[in-house]
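The primary structure of each chain is shown beneath.
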Amino acid sequence: MKSTLANLSSSMFFLVFLIAFVSRNHGTKINHRSSKHVALFIFGDSFLDAGNNNYINTTALDQANFWPYGETYFNFPTGRFSDGRLISDFIAEYANLPLVPPYLQPGINQYYGGVNFASGGAGALVETFEGSVIPFKTQARNFKKVTAWLRHKLGSSEAKLLLSKAVYMFSIGTNDYLSPFLTDSLVLNSYSHSEYVGMVVGNFTSIIKEIYKRGARKFVFMTLPPLGCLPGTKIIQSKGNGKCLQELSDLANLHNRVLSVVLLQLEKRLKDFKFALYDFNTDLTQMINHPLKYGLKEGKIACCGSGPLRGVYSCGGKRGEKHFELCDKPNEYLFWDSYHLTESAYKILADRMWGYTNNSYNIGPYTIKDLFQLP
């Protein structure tokens, strides 16, 4: 990240991954005239990237199109930063949709069921891993192109209906806070935590408004995870003692508090704006500390990587460090690699997002299931 950040307008809330995609459902087509489906449009980072970074000029640091990624479900590296499916893949399944394809995948010629714009490494700030990822702002521009395609194919009225009924899923912000700790950036020396969070949430909010103006009405957000407690971040300053990097977790917590306030403000100001905010942070914290409760055996050590906690980001041996270790049973682990989760963990989280109970965490008036069922 560069220390120079984009200027924000006064109206913004300045508050305190070439391979073909192989899948079991890829051939499924959506009939746009069917009232039985609701499209799913996905934006964000590596928690949701289904393979867009396969098709951009970047490095292995921001790609997952090599073994052992994808080994569990697809038996093939699709570009997902996991051994198998992601939260969004399970949500699509629960909504009776096929796997939502990445926007940049060659051969995608229709968007009636939605599309995935997410890019591993992306942030709300354009400067976050700039030049190596597809920033959130560019993802929104790609969505604009899709809305134009839908109007051309369906006409304005029917396109508007499809877009308003669709669900829009987001995971963004993690890399804005990770990048200063993983690079030589001094940006956090130039801004207070409140100022920096304000810039991230301000940029994020501005882009959400743009997506709203293009016809989106039903939004699904996730709080940021406990960023200082990932295997890859625990080893930054811990000297092997396994403690969380508190400054990083504090930034994530502040971001989450600000985000919840901003979303409530948007709900008041934007007509028909509906949102679900899933508390990813609280659930993941519980899974780290009490993995057995969730049917997992290991909550702190990654399945794939090297060094303490397998926190060195070497899974696959293509990121500078060629040596890496790989566990025998990923389904028993919470973390797949230094920063990302296993398919088993993502399924647990998706189940809790979809089937909300008093034991899962949801903030706001709606759950993601509600949004798919609302007109």
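Values in this document were obtained by computation on a predicted structure and should not be read as measured data.

1. Regarding the state of the cysteines
And step 1. As enumerated under the stated definition, the model contains three disulfides in all.
And step 2. The side chain of Cys229 participates in a disulfide bridge whose partner is Cys244; the two sulfur atoms lie 2.1 Å from each other. Here Cys229 and Cys244 share a disulfide; its torsion about the S-S bond, 115°, makes the bridge right-handed. One end of the pair, Cys229, is in the loop between β4 (218–222) and α7 (231–237); the other, Cys244, is in the loop between α7 and α8 (246–269), with 15 residues separating them in the sequence.
And step 3. Taking relative accessible area as the criterion, Cys244 reaches 32% and is therefore assigned partly exposed.
And step 4. At a sulfur-sulfur separation of 2.0 Å, the disulfide partner of Cys303 is Cys327.

2. Let's talk about helix α3 (residues 156–165)
And step 1. Looking at α3, one finds that the buried residues are Ala159, Leu162 and Leu163. Here the buried residues of α3 occupy an arc of 95° about the axis, which is enough to place them on one side. Exposed and oriented more than 90 degrees from the buried face of α3 are Ser157 and Lys160.
And step 2. Considering only its buried residues, α3 is in contact with β1 (40–44), α2 (136–154) and β3 (167–171).

3. Structural notes on the side chain of Gln139
And step 1. Topologically, Gln139 is positioned in helix α2.
And step 2. Taking relative accessible area as the criterion, Gln139 reaches 0% and is therefore assigned buried.
And step 3. Residue contacts for Gln139: discarding those within four places in its chain leaves Phe43, Gly44, Phe117, Ala118, Ser119, Ala122 and Ile134.

4. Some details on α2
And step 1. When the terminal C-alpha atoms of α2 are compared, their 27 Å separation across 19 residues agrees well with the 27 Å that a helix rising 1.5 Å per residue should span.
And step 2. Buried residues belonging to α2 abut β1, β2 (114–116), α3, β3 and α6 (193–213).
And step 3. Positive backbone phi, at 90°, marks Gly155, one or two positions downstream of α2.

5. Points about unusual backbone geometry
And step 1. A cis amide bond links Trp67 with the next residue in sequence, Pro68, at an omega value of 10°.
And step 2. Considering the arrangement of structural elements, one finds Pro68 in the loop between β1 and α1 (87–94).
And step 3. Not every positive phi belongs to a glycine, and Asp272 is a case in point at roughly 65°.
And step 4. Following the sequence through the fold, Asp272 ends up in the loop between α8 and β5 (274–278).

6. Digging into the environment of Thr128
And step 1. Its location among the elements puts Thr128 in the loop between β2 and α2.
And step 2. Linking Thr128 and Pro180, residues 52 residues apart in sequence, is a C-alpha distance of 8.8 Å.
And step 3. Here the side chain of Thr128 touches Asp176 through a polar contact of 2.5 Å, side chain to side chain.

7. Some thoughts on the pairing of β5
And step 1. Among the five residues that make up β5, four are buried, leaving the element largely enclosed by the rest of the structure.
And step 2. Here β4 pairs with β5 via five bridges, running parallel. Each bridged residue has a counterpart across the sheet, and for Phe221 the counterpart in β5 is Leu277.

8. Topic: the nonpolar core
And step 1. Grouped together as the largest cluster of nonpolar side chains are 118 residues, with contacts concentrated most on Phe41, Tyr168, Met169, Ile211 and Phe219.
And step 2. Excluding anything up to four places from it in sequence, Met169 contacts Leu40, Phe41, Ile42, Phe43, Leu48, Ile87, Ser88, Ile91, Val220, Met222, Met353 and Ile368.

9. Examining the environment of Val220
And step 1. Within the element layout of this structure, Val220 appears in strand β4.
And step 2. Taking the relative accessible area as the measure of exposure, Val220 reaches 1% and is therefore buried.
And step 3. Taking the C-alpha atoms as reference, Val220 lies 4.6 Å from Met169; in sequence the two are 51 residues apart.
And step 4. When sequence neighbours within four positions are dropped, the list of residues in contact with Val220 reads Val167, Tyr168, Met169, Phe170, Ala276, Met353, Ile368 and Leu371.

10. What to know about the pattern of salt bridges
And step 1. Applying the stated rule across the entire model yields seven salt bridges.
And step 2. Notably, a salt bridge pairs Arg85 with Glu93, separated by 3.8 Å at the nearest N-O pair.
And step 3. When its relative accessible area of 15% is taken as the criterion, Arg85 is described as buried.
And step 4. A relative accessible area of 43% means that Glu93 is categorised as partly exposed.
And step 5. Close ionic contact of Arg85 with Glu343 constitutes a salt bridge, the shortest N to O distance being 3.0 Å. Taken together, the positions of Arg85 in the loop between β1 and α1 and Glu343 in helix α10 (residues 343–354) put the pair 258 residues apart, joining distant regions of the chain.
And step 6. In the salt-bridge network here, residues are joined through shared partners; they are Arg85, Glu93 and Glu343.

11. Observations regarding the confidence of the model for the protein chain
And step 1. Put simply, the protein chain has an average pLDDT of 90, and 87% of its residues get 70 or more.
And step 2. Confidence over residues 1–28 falls short of pLDDT 50; this stretch has 97 contacts with residues more than four positions distant or in other chains.

12. Quick look at the packing of aromatic side chains
And step 1. One pass over the structure, following the stated rule, counts 32 aromatic pairs.
And step 2. Both rings, one in Phe66 and one in Tyr69, keep their centres 5.4 Å apart while their planes meet at 85°; by these two values the pair is edge-to-face.
And step 3. Its relative accessible area of 6% is what places Phe66 among the buried residues.
And step 4. For Tyr69, a relative accessible area of 1% translates into the label buried.
And step 5. Seen in terms of ring centroids, Phe143 and Tyr168 are 5.6 Å apart; in terms of plane orientation they differ by 85°. Their pairing is edge-to-face. A residue pair is termed long-range when its members are at least 10 positions apart, and Phe143 in helix α2 and Tyr168 in strand β3 qualify at 25 residues.

What counts and how
Residues numbered from 1 in each chain as written. Predicted model: local features only at pLDDT ≥ 70, side-chain atom pairs only at ≥ 80, totals over all residues. Heavy atoms only, no water. Disulfide = S-S within 2.5 Å. Helix = DSSP H or I, 4+ residues; strand = E, 2+ residues; numbered from the N terminus. Buried < 20%, exposed > 50% of the residue type's maximum accessible area, 1.4 Å probe, protein only. Arc of directions from axis to C-beta. Contact = heavy atoms within 4.5 Å. Expected span 1.5 Å × (residues − 1). Polar contact = N/O pair within 3.5 Å; in protein donor to acceptor, adjacent residues only side chain to side chain. Pairing = 2+ DSSP bridges. Core = buried A, V, L, I, M, F, W, Y, C linked by side-chain atoms within 4.5 Å. Salt bridge = Lys/Arg side-chain N within 4 Å of Asp/Glu carboxyl O. pLDDT = per-residue confidence, 0-100. Phe/Tyr/Trp six-rings, centres within 6.5 Å; stacked < 30°, edge-to-face > 60°.

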